[in-house]
Amino acid sequence: MDSKHLYIYTIGCQMNTYDSSQIAKFLGSTGYAENNDLDSADMIVVNTCSIRQKAEQKAFSFLGRLSQLKRNKPQLIVAIGGCVAQQEGKKILSRMPFVDLVFGTHAISRLPALVRRIEKNRTRIVDIGQQERISTGDYVHATKKNADAAGVSTFVTIMRGCDNYCTYCVVPFVRGRESSRDPESIVEEIKAGVKKGIREVTLLGQNVNSYGKKEGLCSFSQLLERVNTIAGLKRIRFTTSHPKDLSDELVDAFKNIDKLCNHIHLPVQSGSTQILKRMNRKYSRDDYLEKVAGLRDKCPDIAITSDIIVGFPGETDADFEDTISLIRRVEYDGLFAFMYSDRPNAPAARFDDKIPEAVKSERLQVVLGMQKEVTMKKHLKRVGTVQEVLVEGMSKKNIDANEAASIPAGTQGIQWTGRTADNKIVNFDDCSADGEKFELKNGILAKILIKRAFPHSLWGYPVSIKTLKREGERSYAA
Ligand code: SF4
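Residues numbered from 1 in each chain as written. Predicted model: local features only at pLDDT ≥ 70, side-chain atom pairs only at ≥ 80, totals over all residues.

1. Some thoughts on the overall build of the chain
Next up, step 1: Helix and strand counts for the chain come out as 15 helices and 19 strands.
Next up, step 2: Residues classed as buried in the chain amount to 42% of the 478 residues present.
Next up, step 3: Summarising the internal contacts of the chain: among those between residues at least 6 apart in sequence, 75% fall at separations of at least 24. (Helix = DSSP H or I, 4+ residues; strand = E, 2+ residues; numbered from the N terminus. Buried ≥ 20, exposed ≤ 12 C-beta atoms within 10 Å, placed from the backbone. Contact = placed C-beta atoms within 7 Å.)

2. Notes on the site of the ligand
Next up, step 1: Taken together, Cys162, Asn164, Tyr165, Cys166, Cys169, Val171, Pro172, Gln206, Asn207 and His242 form the complete shell of residues around the ligand.
Next up, step 2: Class assignment for the residues of the shell around the ligand results in six nonpolar, four polar and no charged. (Near = placed C-beta within 6 Å. Nonpolar A, V, L, I, M, F, W, Y, C, P; charged D, E, K, R; others polar.)

3. Let's talk about the sheet that holds strand E19 (residues 458-462)
Next up, step 1: The strand order around the closed barrel formed by five strands is E15-E16-E17-E19-E18, and the pairing between neighbours is mixed. Strand-to-strand, the axes of this sheet are offset by a mean angle of 50°, without reference to chain direction.
Next up, step 2: As judged from the three bridges shared by strand E17 (residues 425-429) and E19, these two strands associate in the parallel manner. Looking at E19, one finds that Val426 is bridged to Leu458.
Next up, step 3: Along the sheet, helix H13 (residues 357-382) contacts strand E15 (386-394), strand E18 (445-453) and E19; its crossing angle with E18, the most-contacted strand, is approximately 115°. (Pairing = 2+ DSSP bridges. Axes fitted to C-alpha atoms, helices over the stretch in contact; angles between N-to-C directions.)

4. Thoughts on the packing of helix H1 (residues 14-28) against helix H5 (residues 111-121)
Next up, step 1: Relative to each other, H1 and H5 sit at 55°, their axes nearing to 8 Å. As judged from the angle between their axes, H1 and H5 are oblique. Regarding H1 and H5, the two cross each other, and that crossing is right-handed. Two secondary-structure elements touch here, H1 through Ile23, Phe26 and Leu27 and H5 through Leu111, Pro112 and Val115.
Next up, step 2: A class-by-class count of the residues in the contact of H1 with H5 yields six nonpolar, no polar and no charged. (Parallel < 35°, antiparallel > 145°, perpendicular 65-115°, else oblique. Left-handed = near helix turned anticlockwise from the far one by under 90°.)

5. Quick word on the pairing of strand E4 (residues 77-81)
Next up, step 1: A large share of E4 lies buried, amounting to five of its five residues.
Next up, step 2: In E4, alternate side chains face the same way, and those of Ile77, Ala79 and Gly81 on one face and Val78 and Ile80 on the other are all buried.
Next up, step 3: Two elements, strand E3 (residues 43-48) and E4, share five bridges in a ladder whose sense is parallel. Bridge pairing in E4 links Val46 to Ile80.
Next up, step 4: Running through helix H2 (residues 53-72), the crossover from E3 to the neighbouring parallel element E4 is right-handed.
Next up, step 5: Pairing of E4 with strand E5 (residues 101-103) involves two bridges; the strand directions are parallel. The residue bridging Ala79 from the neighbouring strand is Leu101, located in E5. (Right-handed = clockwise from strand over helix to strand, strands pointing away.)

6. Things to note about the sheet that holds strand E13 (residues 303-310)
Next up, step 1: Strand order across the open sheet formed by three strands is E12-E13-E14, with parallel pairing between neighbours. Since the sheet does not close on itself, it has two edges, and those belong to strand E12 (263-265) and strand E14 (334-339), each with one partner. Ignoring which end each strand starts from, the neighbouring axes of this sheet average 15° apart.

7. Remarks on the packing of helix H12 (residues 317-330) against H13
Next up, step 1: Packing of H12 against H13 leaves a shortest axis separation of 11 Å and a crossing angle of 10°. Here H12 is positioned roughly parallel relative to H13, judged by the angle of their axes. Touching Phe320, Ile324 and Ile327 of H12 are Arg363, Val366, Val367, Met370 and Gln371, all from H13.
Next up, step 2: For the contact of H12 with H13, the residue count by class is six nonpolar, one polar and one charged.

8. Examining the environment of Ile275
Next up, step 1: Here Ile275 shows up in helix H10 (residues 273-278).
Next up, step 2: Setting aside anything within four residues of it in sequence, one finds Ile275 in contact with Ser270, Phe312, Glu315 and Asp319.

9. Describing helix H7 (residues 183-195)
Next up, step 1: Its 13 residues give H7 an end-to-end C-alpha distance of 19 Å, which sits within 8% of 18 Å, the value for a rise of 1.5 Å per residue.
Next up, step 2: Residues of H7 that are buried include every one of Ile186, Glu189, Ile190, Gly193 and Val194, and no others. Looking down the long axis of H7, one finds its buried residues gathered within 140° of arc, a one-sided arrangement. Residues of H7 that are exposed and angled more than 90 degrees away from the buried face: Glu184 and Lys195.
Next up, step 3: Of the surrounding secondary structure, the elements contacted by the buried residues of H7 are strand E7 (153-157), strand E10 (200-204) and helix H8 (220-228). (Expected span 1.5 Å × (residues − 1). Arc of directions from axis to C-beta.)

10. Quick word on the confidence of the model for the chain
Next up, step 1: With 90% of its residues at a pLDDT of 70 or more, the chain has an overall mean of 89.
Next up, step 2: Here residues 141-150 is modelled with pLDDT under 50, and outside its nearest four sequence neighbours on either side it reaches 22 contacts, counting other chains as well.
Next up, step 3: In the model, residues 473-478 has pLDDT below 50 throughout and makes eleven contacts with residues more than four positions away in sequence or in other chains. (pLDDT = per-residue confidence, 0-100.)

Take a look at the structure:
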């Protein structure tokens, strides 16, 4: 029998990207094969995010477009999953009569049974039940034949949910209480990926520092050590680490675990101790700066990125100044900055002293402008250095017209792309500066001599080990 077509539209964070890959795997067992053609789809899954109002609106606007499709093709199954589904439940069925299935963040492993019921009885279903603990069946076991792994880099969820209850956040309500996967199944899944060509893994959790604590499993650093032993795997990344729980053991891991990339995402959210308190972050500005100093002490070349929320209720000009001065002091490698928005169930939605939209927007521009300068400064420092890049594939689309114009003429043949260990995007030619052609392929670590810096990426030429030896790698250093 021909397989049925599955179209998945994913909004939101890396967790959702990973969940979508799990959705595809679970539905694969009921005869659905994922493709990118919306019009030929027999089933459409919208995997939603409710972390910010904008993401929620994006989901509903996409769903709105599906009503016509469903009218033309009544047998089409329309499913909505993820955080908005968890939050809104059956309200979605009354609001959107063309939706057949609403499934929550803990229902992914139940999808095959739910879809079979819909196919058989054409019934409409809501499943937003949550379990306290992750069970082994919640993730497709890596040894099953549908454990695919395209590409070079993959995400693997190691825990789900969160117990921290930051006052602006919906995660504890929509993803449930914190629960960790057992290390064996994580290691097995990564090993299966490596067999399919995966060379880099990003371990995902809302707060990886709490990994295994509740269940009495190993610590997160011990998990990293186990993953580090997987033959064929070249790089390990993780996200996210809550600053209050950043342990000395994890800081040491950056020094001692050789495949662990020198990059940490350490969300600060605000530089004002008073606002951090209202956010229930459980650390002060000074605590945070101390953690950053500790990281840089042990691992001087570590890249640090962060999240900032501007315009949290009650944020005064002085609070915002504290944020600005913290950003200046830390000099992040990258920042994700957002304007605060009320989220359903999150306590901050009930806080007084809401900040006007115009002020929030102005503050956001200040933060983004500052960060742009710092990022560019850091990128410019790389020009003339040799960087080790994990080759992720060929790409022309990463280079915009302005960037392309500044790349030396005659070297814009085949462009490749990849990342440094500290997560900088590098685009590069397949020939060295003196015309030596390189046999590049996905998944190898290439040495790239950086010649140009752009706001979001670097550009350079590959250099051979031979050249490096001849010229002395140090001679490339800025
Ligand atoms: S740590 Fe805070 S911001 Fe992060 S997921 Fe948990 S509640 Fe949300």
